[in-house]
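# Close look at the chain arrangement
Okay, here's what each chain looks like letter by letter:
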Amino acid sequence: MKLDDKVCYCFHISKRKILNHLRIHRPRRASQLSECGGAGTGCGWCVPYLKRYFAESEESASPDPSDLPQTEEAITAEEYAQQREKYIESGKGTPPA
């Protein structure tokens, strides 16, 4: 995924916004990423990704989001969206109205 791809589809939060939130606000817990526009509080699909970004930011000595490891680069934005759609269709999450 690229920096401007959406991570949280429910609230339209990009990867860049999440990484900047981590850099600027330095949350103590992954759950505090919900303060970034409500990320992770909708259907729940993005929560594992938010946790991963949080863990990577904790491991990184550099505050620059472009320096964070890019672990899921193999997945495209289209594949991410398709997997989320399957997640929603399977009844595992309900996006906000």
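I will try to describe carefully the structure that is included in this document. Note that residues are indexed from 1 along each chain, following the sequence as it is written. Confidence filtering applies because this is a predicted model: local features only for residues at pLDDT of at least 70, side-chain atom pairs given and counted only at 80 or more, and all residues used for totals across whole chains, interfaces and linings. Side-chain measures here rest on the full set of heavy atoms in the structure, leaving out hydrogens and waters.

Numbering of helices and strands starts at the N terminus; helices are DSSP runs of H or I of at least 4 residues and strands are runs of E of at least 2. Scanning the protein from terminus to terminus reveals 3 helices and 2 strands. Ordered by position from the N terminus, the helices and strands of the protein form the series β-β-α-α-α. For the protein, buried positions account for 39% of its 97 residues. A fraction of 58% describes how many contacts in the protein between residues 6 or more apart in sequence connect residues 24 or more apart. Using a 1.4 Å probe, accessible areas were evaluated by the Shrake-Rupley method; residue-level cover was limited to the displayed protein chains. Working note: accessible area of the protein is about 5800 Å², and carbon and sulfur atoms make up 49% of it. Only protein chains enter the accessibility calculation, which uses a 1.4 Å probe. A residue is then buried if its area is under 20% of the maximum for its type, exposed if over 50%, and partly exposed in between. By definition, residues are in contact when any of their heavy atoms lie within 4.5 Å.

Think of a nonpolar core as a cluster: buried Ala, Val, Leu, Ile, Met, Phe, Trp, Tyr and Cys residues, connected wherever their side-chain atoms sit within 4.5 Å. Ranked by size, the top nonpolar core spans 21 residues in total, and within it Val7, Ile18, Leu22, Tyr49, Leu50, Tyr53 and Tyr80 carry the most contacts. Taken together, the elements giving at least two residues each to this core come down to strand S1 (6–8), helix H1 (15–25), helix H2 (47–59) and helix H3 (77–89). Of all the elements, H2 adds the most residues to this core, at 4 residues. For Ile18, the residues in contact, after removing those within four places along its chain, are Val7, Ile13, Leu33, Cys36, Leu50 and Tyr53.

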